[in-house]
Amino acid sequence: MKGTNTGTQTDVAGSYSITVPATAKVLVFRYVGFKPAELPIGGKTLSTQLEQDSKQLTEVVVVGYGSQKRQSITGSITSVSAREIQNTPVTTLEQAMQGKAAGVNIQANNGKLGQGIKISVRGTASLTAGTNPLVVVDGVVINSGDLSSTSAATDPLADINFNDVESVDILKDASAAAIYGARAGNGVLLITTKKGKNGDAKVNLNAQWGNSNPARHREFLNTAQWLKIEERAGVGAAKQDYAAGLYDTMADALADYKSYVEGKFTAYSAGSTDWTKTNTNWEKEAFQSAPQAQYDLNISGGNDKTKYYISGQYLDQTGMLKGNNFKRMSGRINLDSKVFTNFDVGMNLTFNHSLNKRVDNDDSFGTPLQIVALSPVTPVIDPRTGLLSGSLPGSASSYPVYFNPLLNVDNAYYHTNVYRTLGNIYANWQIIKHLTFRSEFGVDQTNQNEDSYSGRLVFRNTSQPNGTGENTNTTIVHYTVNNYFTYKNAFGNDHTLDATLGTSYEYNHYMGNDIQGQQFPSDSYKQIIDAAVKSGGYSSQTEYSFVSYFARANYAYKSKYLLSVSGRTDASSRFGANNRYGFFPAGSVGWVLSEEDFLKNSNLVSNLKVKASYGLIGNAEISNYAALGLFYGDAGYNGVPGQRFYQLANPNLKWEKTAQLDIGFEVGFFNNRLTAGFDYYKKNTRDLLLDVNVPQSLGIATQTQNLGKLYNQGFDGSISSDNFVGKFKWSTSFNIAYNKNLVTYLNGQVITKNNINYTREGQPIGEFYMPEYAGVDPANGDALYYLNTKGTDGKLDRTKTNDYNKAQSINAGNPTPPWNGGITNTFSYKGFDLSFTFQGAFGYKVFNSGGQYMSANASNGFDNQTVDQMSYWDKPGDITNVPEPRLFYANGTSTSTRYLSGASYVRLKTASLGYNIPKDVLAKIKLDRARVFVNAYNLFLITKYKGWDPEVNSDYQASNYNLSVDFYSAPQPRTITFGVNIGL
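This structure is a prediction, so every number in the text was calculated from the model and none was measured. (Residues numbered from 1 in each chain as written. Predicted model: local features only at pLDDT ≥ 70, side-chain atom pairs only at ≥ 80, totals over all residues. Heavy atoms only, no water.)

K.L.:
Would you mind showing me how to read the overall build of the protein here?
P.N.:
The secondary structure content of the protein amounts to twelve helices and 53 strands. Radius of gyration (C-alpha) of the protein: 31 Å, near the 30 Å computed for a compact globule of 984 residues. For the protein, the C-alpha atoms occupy an extent of roughly 110 × 70 × 65 Å along the three principal directions. Per-residue burial over the protein gives 52% buried out of 984 residues. Carbon and sulfur atoms make up 56% of the accessible area of the protein, which totals about 41900 Å². Charge-centre separation for the protein: the mean point of 88 positive side chains lies 7 Å from the mean point of 83 negative side chains. (Helix = DSSP H or I, 4+ residues; strand = E, 2+ residues; numbered from the N terminus. Rg over C-alpha atoms; globule rule 2.2 N^0.38 Å. Buried < 20%, exposed > 50% of the residue type's maximum accessible area, 1.4 Å probe, protein only. Areas by Shrake-Rupley, 256 points an atom, 1.4 Å probe, with all protein chains shown as cover. Lys, Arg positive; Asp, Glu negative; His and termini not counted. Charge placed at Lys NZ, Arg CZ, Asp CG, Glu CD.)

K.L.:
What is the right way to read helix α6 (residues 250-268) from this model?
P.N.:
An α-helical segment advances 3.6 residues per turn. Residues three or four places apart therefore align on the same side. Compared with an ideal rise of 1.5 Å per residue, which puts 19 residues at 27 Å, α6 spans 27 Å between its outermost C-alpha atoms and is within 8% of the ideal. Taken together, the buried residues of α6 touch α5 (223-243). Taken from the residues just after α6, A270 is the one with a positive phi, measuring 60°. (Expected span 1.5 Å × (residues − 1). Contact = heavy atoms within 4.5 Å.)

K.L.:
What is the right way to read unusual backbone geometry from this model?
P.N.:
The phi angle of most residues is negative, glycine excepted, and most peptide bonds adopt the trans form. Of note, the amide linkage connecting L392 to P393 takes the cis form, showing an omega dihedral of 0°. In this fold, P393 is placed in the loop between β20 (387-388) and α8 (406-411). With an omega of -5°, the peptide bond between Y399 and P400 qualifies as cis. Inspection of the secondary structure puts P400 in the loop between β20 and α8. Positive phi values are uncommon outside glycine, yet S559 reaches one of about 60°. Look at Y968: it is not a glycine, yet its phi comes out positive at around 55°.

K.L.:
Sorry if this is basic, but what is going on with the UniProt feature "domain: TonB-dependent receptor plug" (unreviewed entry) in the protein here?
P.N.:
Sequence positions flagged by UniProt for "domain: TonB-dependent receptor plug" (unreviewed entry) are, in local numbering, residues 70-188. Between the C-alpha atoms that bound residues 70-188 there is a distance of 17 Å. The span itself is 11% helix and 24% strand. (UniProt positions renumbered as here; feature names shortened; annotations may be inferred.)

K.L.:
I'm lost on the sheet that holds strand β48 (residues 900-902) in this one. Help?
P.N.:
Strand pairing in a sheet is mediated by backbone hydrogen bonds. Such pairs are either parallel or antiparallel. Across the sheet, which stays open at both edges, the three strands sit in the order β48-β47-β52 with mixed pairing between neighbours. The open sheet has two edge strands with one neighbour each: β48 and β52 (965-966). Pairing geometry for strand β47 (residues 845-848) and β52, over two bridges, is parallel. Across the sheet, the residue bridging to F847 is V965, located in β52. (Pairing = 2+ DSSP bridges.)

K.L.:
What is the right way to read a nonpolar patch on the surface from this model?
P.N.:
A cluster of nonpolar side chains, contributed by Y561, W591, F598, V610, F665 and F678, occupies part of the molecular surface with about 530 Å² of accessible area. Along the chain, F598 turns up in helix α10 (residues 597-600). A relative accessible area of 57% means that F598 is categorised as exposed. (Patch = residues over 30% accessible without salt bridge, like charges linked within 9 Å, V, L, I, M, F, W, Y side chains within 5 Å. Salt bridge = Lys/Arg side-chain N within 4 Å of Asp/Glu carboxyl O.)

K.L.:
Explanation requested: the nonpolar core in the structure shown.
P.N.:
In this structure, W226, L369, I371, V372, F862 and W948 are the most contacted members of the largest nonpolar core, which totals 37 residues. The set of elements that each furnish at least two residues to this core consists of α5 and α6. The biggest single contributor to this core is α5, with six residues. Beyond its immediate chain neighbours, meaning those up to four positions away, I371 contacts W282, E285, A286, N404, P405 and L406. In this structure, V80, I119, V140 and V165 belong to the second largest nonpolar core, which totals 27 residues. (Core = buried A, V, L, I, M, F, W, Y, C linked by side-chain atoms within 4.5 Å.)

K.L.:
I'm lost on the sheet that holds strand β11 (residues 140-141) in this one. Help?
P.N.:
Reading across from one edge, β7-β12-β13-β10-β11 is the order of the five strands in this open sheet, with mixed pairing throughout. Each edge of the open sheet carries a strand with a single partner, namely β7 (77-81) and β11. The sheet contact formed by β7 and strand β12 (residues 165-171) spans five bridges and is antiparallel. Pairing of S81 across the sheet is with S167, part of β12.

K.L.:
Just to check I follow, could you spell out the pattern of salt bridges for this structure?
P.N.:
For side chains bearing opposite charge, pairing can occur when the charged atoms are close. The full count for this structure, using the stated rule, is 37 salt bridges. One salt bridge connects D782 with R886, and the closest N-O pair in it is separated by 2.7 Å. Residue D782 is located in the loop between β39 (773-776) and β40 (783-786), and its partner R886 is located in the loop between α11 (851-854) and β48; the two are separated by 104 residues in the primary sequence. Classification of D782 by relative accessible area gives buried; the value is 12%. Bridged by salt links that share partners, the residues R232, K239, D782, D874, E884 and R886 form one connected network.

K.L.:
Would you explain the side chain of T278 in this entry?
P.N.:
With respect to the helices and strands, T278 occurs in the loop between α6 and α7 (282-285). Not counting residues up to four positions away in its chain, the partners in contact with T278 are T223, P376, V377, T378 and P379.

K.L.:
For this particular structure, what's the right way to read the pairing of strand β23 (residues 468-491)?
P.N.:
Remark: a regular strand shows side chains that alternate across the two faces of the sheet. Pairing analysis gives 20 bridges linking strand β22 (residues 435-454) to β23, with the strands arranged antiparallel. Across the sheet, F441 pairs through a bridge with V481, a residue of β23. Pairing analysis gives 24 bridges linking β23 to strand β24 (residues 495-518), with the strands arranged antiparallel. Bridge pairing in β24 links T475 to M511. Remark: three residues form the turn of the hairpin made by β23 and β24, two consecutive strands paired antiparallel; G492 in that turn has positive phi of roughly 70°.

K.L.:
Got a minute to help me understand empty space enclosed by the protein in this structure?
P.N.:
One water molecule sets the probe size; rolling that probe over the atoms shows where empty space is left. Overall, the coordinates contain 13 cavities of 30 Å³ or more when judged by the stated rule. Taken as a whole, the largest cavity spans an internal volume of roughly 230 Å³. Lining the largest cavity are 21 residues; nearest its centre among them are N105, G123, N739, T816 and P817. Broken down by secondary-structure element, the contributors of at least two residues to the lining of the largest cavity are β8 (104-108) and β36 (728-745). A total of four residues in the lining of the largest cavity trace back to one element, the largest contributor, which is β36. (1 Å grid on protein atoms, 1.4 Å probe; cavity = no way out; pocket = protein on both sides within 12 Å on 5 of 7 lines; lining within 4 Å. Points joined across faces, edges and corners; volume = space filled by probe spheres on them.)

K.L.:
Please explain the side chain of Q869 as it appears in this structure.
P.N.:
Along the chain, the position of Q869 falls in the loop between α11 and β48. Here the side chain of Q869 touches N857 through a polar contact of 2.9 Å, landing on its backbone nitrogen. (Polar contact = N/O pair within 3.5 Å; in protein donor to acceptor, adjacent residues only side chain to side chain.)

K.L.:
Would you explain the packing of aromatic side chains in this entry?
P.N.:
Any two aromatic rings considered together are summarised by their centre-to-centre distance and by the angle between their planes. The tally for this structure, following the rule as stated, stands at 48 aromatic pairs. Relative to Y453, the ring of Y413 lies with its centre 6.4 Å away and its plane at 35°, an arrangement referred to as tilted. Here the residue Y413 occupies a position in strand β21 (residues 412-432), and Y453 occupies one in strand β22, the gap between them amounting to 40 residues. Ring geometry for Y738 versus W819: centroids 4.9 Å apart, planes at 45°, classification tilted. (Phe/Tyr/Trp six-rings, centres within 6.5 Å; stacked < 30°, edge-to-face > 60°.)

K.L.:
Hey, could you run me through the packing of α5 against α6 in this one?
P.N.:
Working note: a packed helix pair is described by the angle between its axes plus the distance between those axes. It is the contact of α5 with α6, at a shortest axis distance of 8 Å, that shows an interaxial angle of 145°. Judged by the sense of rotation from one axis to the other, the crossing of α5 with α6 is right-handed. Residue-level contacts link W226, L227, E230, E231, G234, V235, A237, A238, K239, D241 and Y242 of α5 to M250, A253, L254, Y257, V261, F265 and Y268 of α6. In the contact of α5 with α6, the residues fall into 13 nonpolar, one polar and four charged. (Axes fitted to C-alpha atoms, helices over the stretch in contact; angles between N-to-C directions. Left-handed = near helix turned anticlockwise from the far one by under 90°. Nonpolar A, V, L, I, M, F, W, Y, C, P; charged D, E, K, R; others polar.)

Encoded structure:
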């Protein structure tokens, strides 16, 4: 009863009774993890449903091998709760988290379903080793590496149903992460799944249906524009040929090119001389309206002895790119049972099956968006055959201008089937008061099959006139065994100690088999056994193991002076015999000033804590046998077996190490209605694992060595507020992060794979390095570049030249956004709720590699062009940034800053509007709760980038240092779903 000590407690079903005096007016309902509710006392039974309180729910935070109260944490941990991600209309957990975690940058390579996603926790800390964080699900380290057999990565977390997730806790600094030692150099994601709770069984059904479309289109030339620019390109090329003495007269050159160009117009118009009768928008032909449906059902409940959570999901998501589809079916059962008062056991088990119908990599003529290169004069359906343009029979080898990707939809496939079992069993034994022992065994088994076939009609893309197929099987079995003691005790009123001591063992076994075939009898036969030629294949097995010992102690004095120390020793089979073991210590301190007498009774400051940490963490994500000398047995010839030397041994190979400093504070005002946190950090990484050039006389080009240093430095912060707390509720959550990355030592080595991104000393990873575009010479239409040669006085020569080879490359920009952030607002009123999240990245650039063909002033052939190319130079005196069109003369199309542009953006990432059906209505139909809702993803985008999407990195070349390159990469989808949530 409000204002008194009179109270009672409900039973497991929520029933209660209380005797109150006649003067009583208000009852207050409270429960841990929920906001209190007040109801006036009347002449009827009072019942209420409490609203979850995010601030209290995050009071206890999952950490490595245990949990802690947030107030006692001295490390840096960001938490994302279930309510922030559930029912988001996306495929993967990372997409649902984007913009909601300070210091965590999440970037998709493109808009293809189930494709690779890059996660960076406080920057990138390696060049060639793994850079994604360690992922731990319910205490089990899981496989989080790419298993794609192509150069385009897939997302290993796409197999996880994120509606089963209770929370994701991201360990960002060394103090929080060092308990995972050599695996924690890129941060740690601790994923905790949902559990059953005391009470009657609760049944929850969620269903949503919707549609996806591209969030953005690009505008390409129509038929009239394309004919005009290609004719002008012929004139430009004729002028160049005549000037070079290839023709006797200018008239001859012009006539010759006119005949050639007009012949192409007729050919690409399906043989018609009426070139203007067709005006195909090929860009829109790549996309489709993409329906999706998702169904989730879970049952949970329990009593003092046993608690359970059982769930299932079916997801069928059609991609906005024609031919792309992703399906996922999953089931989960989580059980917890108290066998004795001091002994309990449990199990967390999930089985997932996903089918990803993939489309070609971005660099393939068969990838959907390379369709934009086709001429607008080309009809979708060839009137001569009534079939798709480019189909057999017909002149498919040279018509259209390139392979038509639409042919892939019905004549080729690439299906990735994944069957994944992930789970653990555990036992907790309270040996004596304050001391417990936990033993857990976990397994993550992945069975993946990639089956692809390309039929006769796509021969132009495969160079195989009678079909080609490939089948790849991959199996990974990953075991984890953890055994550890936990001691928790309070000594008097002033001292508390929480200590953990344990050991961990991991074993991973990879098996892969592949077979390829060509020359099939017909497209009715698609299995490799039917191929007349078994054209290739391979098989491989690798394994690795870790043995680890760890300890941690957290001490608090009067709940205001905090100390934490931890250490882990790891031994790994991956490293050299001389450096098999590594030790990774960390320590942190904290001071809760709000517990001091001078702040304890403050009406303004409800919480204030300062903290600092320092520690060492490692990175072991390299190939399994990088330290060994290896031979390959594939050197046989003419039936005689043979072997070849493949890799130099390095017995001194050791871990990459990152020493990290973190200083921060947490503050709350007005009884924590307004809270904020801020952390400054610096991460110094040394002993980078690099492939270093060695003398060619050894017969091997490189050797894996520890060479190089880099650092990441920056800050991240968050602010949360309950702006209104009455009948109308409004809360806001904001996060921002800044990171500076710099490579400080590579022993003079320069790393590049694409000649666009370069990693060098004194620059960020993957810095754009290329000649600087200087516009167009008004006198003759030549593309110009700045010389940028350095004079004896050290100054750059800014003279312009039309000779590309004379222009020096410059540091042209950072491919990684130094600034990232997000803001979420949530409103509720009388059963209605509304929430939306804006997410953004700032201060980086994207190189439009596809622009060298699609924005090339018609100088690279007959590719269709973006509309901005119509402002090309045409006559002396023209002032423009687009050079004169010159067919096949590549005027201004070489790699330069012409195709580099700022890519900062803000997007409305997610939005949700819902209505909770009133209780009195539900009582009539015997439902406990019901909600109808509409969800939206990626509703709009604000950016100056002219490409499809600034959140991009072409999948075929994406790596730690090949960054922010756009080559016909699909944009993010705009998705809207409608759904219903029903509870029994």
